[in-house]
Amino acid sequence: MSTLPLLEFDLPPSSDQEVWAAALELARERAGQPTFESWLRDLQPLSWLDGALTVGAPSEFKRAWVEKKYSSLLAQCVEAAYGSPLSLTFVVSEGPAPKKTPAAAGRSVFVPRSVPAAAPRMAAGVPDEVLFDTVPLNDRYTFDTFVVGACNRLAQAGAMASAQRPGSAFNPLFLYGGAGLGKTHLMHAVGHAAKAGNPGCRVAYISGETFTTQYVTAIRERNMDDFRRRFRAADIWLVDDIQFIADKERTEEEFFHTFNALRDTGKQIVLSSDRAPKDLRLDDRLRSRFEAGLIADIRPPELETRIAILQQKALEEGSAIPDDVLLYMADLIQSNIRVLEGALIKLLAYASITSSPITQQLAGDVLGSYFSRHKEEGKPVTAEDVKRLVADAFGVKVEEINGTSRTRPIVLARQVSMHLVRELTGASLPEIGRAFGGKDHSTVVHSCQKIRALLKNDLELAQRCAELMGQLKRPA
Ligand code: ADP
Ligand code: MG
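So, a few notes on the structure that sits alongside this text. The structure presented is a predicted model; accordingly, all values stated were derived computationally and were not measured.

1. Description of the overall build of the protein
Helix and strand counts for the protein stand at 21 helices and 10 strands. Residues classed as buried in the protein amount to 51% of the 476 residues present. Taking the contacts inside the protein whose residues are at least 6 apart along the sequence as the reference set, 74% of them involve residues at least 24 apart.

Right under this line is the structure:
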């Protein structure tokens, strides 16, 4: 039986999928790649009831072995990812009728990958994004919450048109701009709006990086048919950060075919990148396809827009911030909205913990030292800057970050550093690998994915990263 390599679940997306993915990442790290590949990769969470997780293995042999050798490791990893202990039960999942356990109140239920066809499930109201094994769209990233200014007006208008008239307005829509300026937000907004306008519309969102990893996996597992089918069923294909596929010949080729298949059948494609098509190292055929649509850049927001964004975010947080404080912050942080948002969260948290009124004085105390460097003209951030700062913050040595130790704090510091270098510098994956004592690019990919997964659940780590980023980032 052909199986779709998808992780599907019955109820609307919850963080369960992320928890399992994060747990597996940890297991990969602790058990090592070979063990992971042989025993753990194809385990599947079948049901997730309060306090108990049933994990499916593809055969009785694997089930018995995993239970004997890896159950405690997996339990630890699931606990670390989930935040509290869960009891694990191992069953054989493959077979004609995969066993399903009914949902417990408030928890979602996983269905094994071997569930036959996706189509009937879709009709039953399964969220579309799960069909594509992509990240569910972020509820907060809608057009309503997106502040429009001169810096992003064209991009927003293009995105809106793509959502309202998929495939007929601008195809593809190509958004580009620096980190933290709202590309991902706009792409998710297209997905939400298209589905609001037409509930049957199938939206697939994927990052260029995930596309690349999934492609490599599909080749290794000889699963190209499934890989292709996954994206070609989309009505709207959102590919974020496509700079990651540039320069990778075979991935780019595959992307090209998917792109054409969708484009030729009138499906809407929205792409984002950190630079313009002309600055991407792409095959000319692909570049000219990109240039045939609408190319819209997003520039750093002007002061008024920064203030409006802060107001919007404060509203989302349910807090009112005095105008002078907004002005102070908007002046302090100019180049990256993600950092601006991080600063706001930090200020609100600080005010709430200390029961202080939000004043400019408080903002200065809390944020001034972190962000003062924003105002200085400086050199671009380097991997060395990042490693030094992270080493300091995590109490480890730079040599340890560059080294191969698997001790937890060192691994975390190393992965956070890689993540920040990815976010803040233009370095390619191999360059980052080299800057960390000659590591493989796949290690970098894995580290960044891991941190991103953690950041979604671990508020404290998210805060620390936002602070580190604030300390590192200076205007270009
Ligand atoms: P990018 O993908 O370009 O790196 P993101 O889309 O992830 O940036 O945006 C970073 C953060 O800034 C997100 O939380 C997003 O909601 C917020 N943001 C960016 N631009 C805007 C905007 N114009 N209005 C409201 N929030 C914005
Ligand atoms: Mg993004």
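Following the structure, the description resumes.
2. Some points on the pairing of strand S3 (residues 52-57)
Burial runs high along S3: 5 of the 6 residues are buried. Bridge count between strand S2 (residues 44-49) and S3: 5 bridges; the pairing is antiparallel. Opposite Gln44, over in S3, you have Gly56 as the bridge partner. Sheet topology places S3 next to strand S4 (residues 87-92); 6 bridges connect them, and they run parallel. What sits directly across from Thr54, in S4, is Thr89.

3. Considerations on the packing of aromatic side chains
One pass over the full model with this rule turns up 13 aromatic pairs. An angle of 85° between the planes, with centres 5.7 Å apart, marks the rings of Phe211 and Phe255 as edge-to-face. Note that Phe211 is positioned in helix H8 (residues 208-220) and Phe255 in helix H10 (residues 249-264), a separation of 44 residues in sequence. For the pair Phe211 and Phe255, one class covers both residues: buried. Ring pairs connect the aromatic residues Phe174, Tyr176, Phe211, Tyr215, Phe227, Phe231, Trp237, Phe255, Phe259 and Phe290, which therefore count as one cluster. Of note, Arg285 hangs over the ring of Phe256, and the distance from its end group to the ring centre comes to 4.1 Å.

4. Here's the deal with the packing of helix H20 (residues 441-457) against helix H21 (residues 459-472)
In contact at an axis separation of 6 Å, H20 and H21 are set at 115° when each is read in the N-to-C sense. In this structure, H20 crosses over H21, and the sense of that crossing is left-handed. Contact with H20, carried on its side by Leu454, Leu455 and Asn457, involves Leu459, Leu461, Ala462 and Cys465 of H21 and no other residues of that element. By residue class, the composition of the contact of H20 with H21 is 6 nonpolar, 1 polar and no charged.

5. Comments concerning the sheet that holds strand S10 (residues 294-298)
What the 5 strands build is an open sheet, ordered S7-S8-S9-S6-S10; its pairing is parallel. Each of the sheet's edge strands pairs with one partner strand only, and the pair in question is strand S7 (203-207) and S10. Adjacent strand axes in the sheet meet at a mean angle of 15° when their direction is disregarded. Where S7 and strand S8 (residues 236-240) come together, 5 bridges link them in parallel fashion. Directly across from Tyr205, in S8, lies its bridge partner Leu238. Helix H7 (residues 183-197) contacts strand S6 (173-177), S7, S8, strand S9 (268-273) and S10 of the sheet and is inclined by roughly 170° relative to S8.

6. Digging into the site of ligand 1
Surrounding ligand 1, one finds 18 residues, the nearest of these being Val147, Gly180, Thr184, His185 and Glu341. Between Gly180 and ligand 1, the recorded distance is 2.7 Å, taken from a backbone N or O atom to an oxygen atom. Contacts to ligand 1 include Arg338, whose side-chain N or O atom sits 2.9 Å from an oxygen atom. Coverage of ligand 1 by the protein amounts to 96% of the 560 Å² it exposes when considered alone. Of all the secondary structure elements, the ones that give two or more residues to the shell around ligand 1 are H7, helix H12 (303-316) and helix H14 (337-353).

7. Describing the environment of Pro380
With respect to the helices and strands, Pro380 occurs in the loop between helix H15 (360-371) and helix H16 (383-394). Judged by its relative accessible area of 67%, Pro380 is exposed. Here the alpha-carbon distance between Pro380 and Leu424, two residues 44 residues apart in the chain, equals 8.6 Å.

What counts as what
- Residues numbered from 1 in each chain as written.
- Chains lettered and ligands numbered in written order.
- Predicted model: local features only at pLDDT ≥ 70, side-chain atom pairs only at ≥ 80, totals over all residues.
- Heavy atoms only, no water.
- Helix = DSSP H or I, 4+ residues; strand = E, 2+ residues; numbered from the N terminus.
- Buried < 20%, exposed > 50% of the residue type's maximum accessible area, 1.4 Å probe, protein only.
- Contact = heavy atoms within 4.5 Å.
- Pairing = 2+ DSSP bridges.
- Phe/Tyr/Trp six-rings, centres within 6.5 Å; stacked < 30°, edge-to-face > 60°.
- Lys NZ or Arg CZ within 6 Å of the ring centre and 35° of its normal.
- Axes fitted to C-alpha atoms, helices over the stretch in contact; angles between N-to-C directions.
- Left-handed = near helix turned anticlockwise from the far one by under 90°.
- Nonpolar A, V, L, I, M, F, W, Y, C, P; charged D, E, K, R; others polar.
- Near = heavy atom within 4 Å.
- Polar contact = N/O pair within 3.5 Å; in protein donor to acceptor, adjacent residues only side chain to side chain.
- Areas by Shrake-Rupley, 256 points an atom, 1.4 Å probe, with all protein chains shown as cover.

Note that all results are geometric; they support no functional claim without further evidence.
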